[in-house]
Amino acid sequence: MKYSVYLLLLAALHAAPIVIKNATVLTVTKGTFVGSVVIRDGKIVEMGEKVTEPAGAEIIDASGKYLMPGIIDCHSHIASDAINEGSVSVSSMVGIEDTINPDDIAIYRALAGGVTTANVLHGSANSIGGKTVVMKMRWGKDSRDMIFEGAKPGIKFALGENPKRAGNPGGQRINANAVLRYPATRMGVEDVIREAFNDAKIYQAQWKEYNEKTARGEQLLAPRRDLKLDALVEVLEGKRFVHAHCYRQDEILMLLRVADDYGFKIRTLQHVLEGYKVAKEIAEHGAGASTFSDWWSYKVEAFDAIPYNAAIMVRKGVLVSLNSDSAELMRHLNDEAAKTMKYGGLSETEALSLITINPAKQLDIDKRVGSIEVGKDADLVIFDEHPLSNYAKVEKVFVDGQAYFDRNKDLADRAQREAEKAKLLEKEKQKEKEKRPGAGANPSSLPKKAALDGDGYTAGSSPNSIAHSHRSSVPLGVWHVTPVRRATV
Amino acid sequence: MKSLLLIFVLSLPLLAGTDDSLLIRGATIHPVSGPEMKDGSILVRDGKIVGIGHNLAAPRGTRVIEAKGMHVYPGMINSATQLGLAEISAVRESVDTGEIGDFNPQLRAEVAVNPSSDHIPVTRANGITTAIVLPMGAGGGEGGPRGGGNARQPIITGQAALVHLDGWTWEEMDIKKSAGMAMHFPIIPSPPQRFGDAPPNLFRYSYADSKKTYEAQLRDLHEFFEQSRRYQKAKAAKPAGFKIDLKYEAMLPVLEGKTPLVVMANRERAIDDAVKFADEQKVRLVIANPKELGKAGAAMKAKGVTAILGPTLELPEHNDDPYDAAYTLPNEFYKAGVKFAFGSFDNQFARNLPYQAATAAAFGLPREEALKSVTLNAAQIWGLGDKIGSIEEGKWADLMITDGDPLEAKTQVKQLFIKGKNVDLDNKHRRLYEKYLNRPST
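No experiment lies behind these values; they were computed from the predicted model shown. (Residues numbered from 1 in each chain as written. Chains lettered and ligands numbered in written order. Predicted model: local features only at pLDDT ≥ 70, side-chain atom pairs only at ≥ 80, totals over all residues.)

### Here we look at the overall build of chain A
Summing up its helical and strand segments, chain A has 15 helices and 16 strands in all. For chain A, the residues scored as buried account for 54% of the 489 residues in total. (Helix = DSSP H or I, 4+ residues; strand = E, 2+ residues; numbered from the N terminus. Buried ≥ 20, exposed ≤ 12 C-beta atoms within 10 Å, placed from the backbone.)

### Things to note about the overall build of chain B
If you tally the helices and strands in chain B, you get 12 helices and 16 strands. Here the analysis covers contacts within chain B between residues at least 6 apart in sequence; of these, 71% occur between residues at least 24 apart. (Contact = placed C-beta atoms within 7 Å.)

### What to know about the sheet that holds strand β6 (residues 71–76) of chain A
Residues and elements named next belong to chain A. Reading across the sheet, the eight strands line up as β6-β7-β8-β9-β10-β11-β12-β13 and stay open at both edges, with mixed pairing between neighbours. Either end of the sheet is taken by a strand with one partner, and the two such strands are β6 and β13 (319–322). Sheet twist, expressed as the average angle between the axes of neighbouring strands with direction ignored, equals 25 degrees. Sheet topology note: the strand β10 (residues 241–246)/strand β11 (residues 268–271) ladder contains four bridges and is parallel. In the sheet register, cysteine 246 faces β11, and the bridge partner there is histidine 271. (Pairing = 2+ DSSP bridges. Axes fitted to C-alpha atoms, helices over the stretch in contact; angles between N-to-C directions.)

### Quick look at the domain arrangement of chain B
Residue and element names in this part refer to chain B. Taken domain by domain, chain B consists of domain 1 (16–74 + 390–442) and domain 2 (76–388). Here the C-alpha centre of domain 2 lies 31 Å away from the C-alpha centre of domain 1. Those elements giving two or more residues to the side of domain 1 that touches domain 2 turn out to be β14 (399–402), β15 (413–418) and α12 (428–437). Among the elements that take part in the side of domain 1 that touches domain 2, β15 stands out by supplying three residues, more than any other. In terms of residue class, the side of domain 1 that touches domain 2 is built from 12 nonpolar, five polar and five charged. (Domains from an automatic or database assignment. Nonpolar A, V, L, I, M, F, W, Y, C, P; charged D, E, K, R; others polar.)

### Notes on the sheet that holds strand β11 (residues 285–288) of chain B
Residues and elements named next belong to chain B. Sheet architecture is open: eight strands sit in the order β6-β7-β8-β9-β10-β11-β12-β13, paired in mixed fashion. The open sheet has two edge strands with one neighbour each: β6 (76–81) and β13 (340–342). This sheet shows a mean twist of 25 degrees between the axes of neighbouring strands, independent of strand direction. Examined bridge by bridge, strand β12 (residues 306–309) and β13 share three bridges and lie parallel to one another. Pairing of alanine 307 across the sheet is with phenylalanine 340, part of β13. Here helix α8 (residues 325–335) sits on the sheet in contact with β12 and β13, set at roughly 170 degrees to β12.

### Quick word on the domain arrangement of chain A
Residues and elements named next belong to chain A. Domain annotation of chain A identifies domain 1 (1–69 + 371–407) and domain 2 (71–369). Here the C-alpha centroids of domain 1 and domain 2 sit 30 Å apart. Counting from both sides, the interface comprises 19 residues of domain 1 and, opposite them, 25 residues of domain 2. Looking at which element gives the most residues to the side of domain 1 that touches domain 2, the answer is strand β15 (residues 394–399), with three residues. Grouping the amino acids of the side of domain 1 that touches domain 2 by side-chain chemistry returns 13 nonpolar, three polar and three charged.

### Description of the packing of helix α5 (residues 186–215) of chain A against helix α7 (residues 249–262) of chain A
Residues and elements named next belong to chain A. Where α5 contacts α7, the two axes come as close as 11 Å, and the packing angle between them is 15 degrees. The angle between the axes of α5 and α7 places the two elements in the roughly parallel class. Handedness of the crossing formed by α5 with α7: right-handed. On α7, the residues that touch Arg186, Glu190, Ile193, Arg194, Phe197 and Lys201 of α5 are Asp250, Glu251, Met254, Val258 and Tyr262. (Parallel < 35°, antiparallel > 145°, perpendicular 65-115°, else oblique. Left-handed = near helix turned anticlockwise from the far one by under 90°.)

### Brief notes about the pairing of strand β5 (residues 66–69) of chain A
Residue and element names in this part refer to chain A. Of the pairings in the sheet, the one linking strand β1 (residues 18–26) to β5 comprises two bridges and is parallel in character. Each bridged residue has a counterpart across the sheet, and for valine 25 the counterpart in β5 is leucine 67. With four bridges connecting them, β5 and strand β14 (residues 380–383) associate as antiparallel partners. Along β14, the bridge assignment pairs proline 69 with leucine 380.

### Considerations on the environment of A:Ile312
By the secondary structure assignment, A:Ile312 is in helix α9 (residues 309–315). Each C-alpha atom of the pair A:Ile312 and A:Tyr276 lies 5.8 Å from the other, and the pair is 36 residues apart in sequence. What A:Ile312 contacts, discounting residues up to four positions off in sequence, is A:Tyr276, A:Ala279, A:Gly344, B:Tyr433, B:Tyr436 and B:Leu437.

### Comments concerning the nonpolar core
Ranked by size, the top nonpolar core spans 257 residues in total, and within it A:Leu67, B:Val133, B:Val263, B:Ala274 and B:Ile287 carry the most contacts. Not counting chain neighbours up to four residues away, the residues in contact with A:Leu67 comprise A:Ile20, A:Ala23, A:Thr24, A:Val25, A:Leu26, A:Val37, A:Ala62, A:Leu380 and A:Ile382. (Core = buried A, V, L, I, M, F, W, Y, C linked by C-beta atoms within 7 Å.)

### A short note on the pairing of strand β8 (residues 156–164) of chain B
Residues and elements named next belong to chain B. Across the nine residues of β8, nine count as buried, placing the element largely inside the fold. Pairing of strand β7 (residues 128–133) with β8, which is carried by four bridges, proceeds in the antiparallel orientation. Its bridge partner lying in β8, isoleucine 132 is registered against leucine 162. Sheet analysis places β8 next to strand β9 (residues 174–184), joined by six bridges and oriented antiparallel. Looking at β9, one finds that valine 163 is bridged to aspartate 174.

### Quick word on unusual backbone geometry
Residue and element names in this part refer to chain A. Geometrically, the link from tyrosine 182 to proline 183 is a cis peptide bond, its omega value of 10 degrees lying close to zero. Mapped onto the elements, proline 183 comes out in the loop between α4 (161–165) and α5. The backbone phi angle of asparagine 22 is positive, close to 65 degrees, even though this residue is not glycine. Mapped onto the elements of the fold, asparagine 22 is located in strand β1. Taking the number of C-beta atoms within 10 Å as the measure of exposure, asparagine 22 has 16 and is therefore partly exposed.

### Concerning the environment of B:Leu83
Residues and elements named next belong to chain B. Tracing the sequence through the fold places leucine 83 in the loop between β6 and α2 (119–124). Separated by 48 residues in the primary sequence, leucine 83 and alanine 131 place their C-alpha atoms 7.8 Å from one another. The residues touching leucine 83, leaving out its near neighbours within four places in the chain, are Ser117, His119, Ile120, Thr123, Ala131, Val133, Asn347 and Ala350.

### As for helix α6 (residues 227–236) of chain A
Residues and elements named next belong to chain A. Along α6, the residues classified as buried are Leu229, Ala231, Leu232, Val233, Glu234 and Val235. Next to the buried residues of α6 lie β8 (128–136), β9 (154–158), α5 and β10. With its phi angle positive at about 75 degrees, glycine 238 sits one or two positions after the end of α6.

### Focus: the packing of α5(A) against α6(A)
All names here are of chain A. Interaxial distance between α5 and α6 falls to 9 Å at its minimum, and their mutual angle equals 85 degrees. Our classification of the angle between α5 and α6 gives roughly perpendicular. For the pair α5 and α6, the contacting residues are Ala196, Phe197, Asp199, Ala200, Tyr203 and Gln204 in the first and Leu229, Leu232, Val233 and Leu236 in the second. Class assignment of the residues belonging to the contact of α5 with α6 gives a composition of eight nonpolar, one polar and one charged.

### As for the environment of B:Glu392
Residue and element names in this part refer to chain B. Tracing the backbone shows glutamate 392 in the loop between α11 (376–381) and β14. Look at glutamate 392 and you get partly exposed, because 17 C-beta atoms sit within 10 Å. Filtering out sequence-adjacent residues up to four positions away, glutamate 392 remains in contact with Pro31, Ser33 and Ile49.

### Details of the confidence of the model for chain B
Residue and element names in this part refer to chain B. Residues at a pLDDT of 70 or more form 89% of chain B, whose mean pLDDT is 90. In the model, residues 138–150 has pLDDT below 50 throughout and makes 56 contacts with residues more than four positions away in sequence or in other chains. Taken together, the stretch residues 193–202 has pLDDT below 50 and engages in 21 contacts with residues farther than four places along the chain or on a different chain. Across the interface, the model reports ipTM at 0.92; the global pTM reads 0.89. (pLDDT = per-residue confidence, 0-100.)

Pasting the structure below:
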């Protein structure tokens, strides 16, 4: 174990420094210049119009290109095998960390859109959902290495339509035969959260008393460990961030007041589509807001959503980021940021901040990422045009100074990948043929055979329906509920 | 006599059109049909473009719009929306996008377009002046298979309307009542991609069942066309006591080649099937929302089949597709010589139409083609090539004045004209913006 760590360290130390030169460098926090950035041991060690190029450095000429910090998505559900523990309305005992799937192709696709860090959240089926995890898009590494080391863990809360859906007798539930689950109203959502923190306070006091008494040498039986309440005590003690899914102004305000009452902070309000109506109160509480650029009208609570939301909140002093909640949208958060220039007149730097330094601050990882500064992680993206142009595309992405995406390499590898796939398919076909004689028709093999014949039954493809378009579906956080709900309505 | 004269004078503007004449002056004009013109002027009278040039004089009574440093483009056309048919997609009562039943050619989207929909001014504010309203799904919601049971799609879903995004009533919005006959080509539905935590038994249907449904639907489709032709023949013979059938009656413009079939076909096989079917039936065809092209391009080109492409910003269809498969698809169509336009296939993102085109351009589509695919190509596909889609003399003055390239998100649309009329850019979103931006801080 120690040996391998040593080897890794050695490898890192010996990786050649990289100099990205002649780029238009959009630092986000330190202005824009045309010049170079020097990377060594995964960190930015020097930058400026003129730098000293270390001997043996790999030189990347980015003339005419743009270099920006890796994009940070404050709300994603990629790379996890399950996201909604929907059986209970408080599911703080479960965590995304236990479901990380490092092979999810969405990771690579996110990289190809310039995303280097994502806050991967539990779904929104519960008033208090599961624990969340911040990941770096280290495609190819295992699930442990995906985790952003040192990033403070979080927990998902959800307000409004989604958490009350399971209590709706109208049939919008996971299963028409399922038992109704409290709450069914926004009033109930508040109560569920209050009850949980009431319990957490009592539990916290029990442990405090136990710890104090045993410290004094008393012999006592420890209180019963409660994994659900442990996470909430961490919230009370500021050791775990609350990321709360919300839409309407009433529920936003409700949560801020509940948090005030119990003495904890809401780190980020997620979606927060009516945040612009209570921007003052959000700013006063000190909560961050992570929203969509222009989603609206997909449900009642999204009908007052406006694309000016981010801009108004910025102007009123809220720390704002734009997020995706979608494996698709995640791939062009830079386009989403550009929309805030149209809707509300944010400057280029303000727009870029929404997808870089602001989400970094919201996740308390801004000492490491979110801007191009000496000493920060070399999480960088090279675009062929200005990233706020809709004509721009990502060319190269570095995480910890290592290139994890390279468009030219991706293009060059395609022929080989196609050949590999053809070979595998041929092998499968051969296997099918060998099975066929004598054995007769095997009904269970039909789909497989069909996939080979390419007749429309290929696993992993979406149905021939425009209604299944990702853009017209509700956010991914409720994706797991949505198709069912529609199927049963 | 005096009062008669007064009436005559008052009605003069209506007759001569002097009050709606306007001259846009000093702008960079992007006609789409030709090269851009710097410091150009456009003269509009009676809702039409009557002059384009460098030094056009403004006739007396003409309103002059100084547009120095600005750009003028034709209004954009969104070739697939549900504008006016659906308001809040999750609320059944507000959604009228698709009827019950497999064959509904008699349905007309136009009569269900709610001119007061909040989506219309929101979409218009981004420079979109014209839209196809497409009846698309089954059962009143945004239909299609939901993965439950032996899911099936309806086949003929009704007549698509081409409308201007301005008017007090749907009649005033009308451009073409029946621009296309919307249809889903029967397919064998694929299993849902990912249903995560949901109980698996909700999504269980066998391949054999799906195939049976597919074959039955194909038979029904052929039979329906066959019946329609018999009806056409019977009607032509003008027999005494001939009874009108509204469904078959609605099919006549399709059979006569006047109205194209607009066929949803995502996969290469469905596209192939649709092209063959349209060829056999000798009907015009527009492929809608294809997700791949494969080898279908050659046949499409040969048969003059056009396409309406869905959102460019989509995930690839398969896990092992190149990451940019959806981004490069428009260029594939272009290279195959298939004429296409873009549609958003929803309302929520209808205003983002130009960015579909921009992303396609980032991934290979020539920029002038990208612009055409939201303007002139669309006009031509819908048979309105002589009226909209470019800035040319004699065309309707559907124009937008912008401060830059409309395919860029940061560009602002400053003014919009539909048939020469200055259209209000105000909408629900702007009103809420202004209201809450000005919320007092104390």
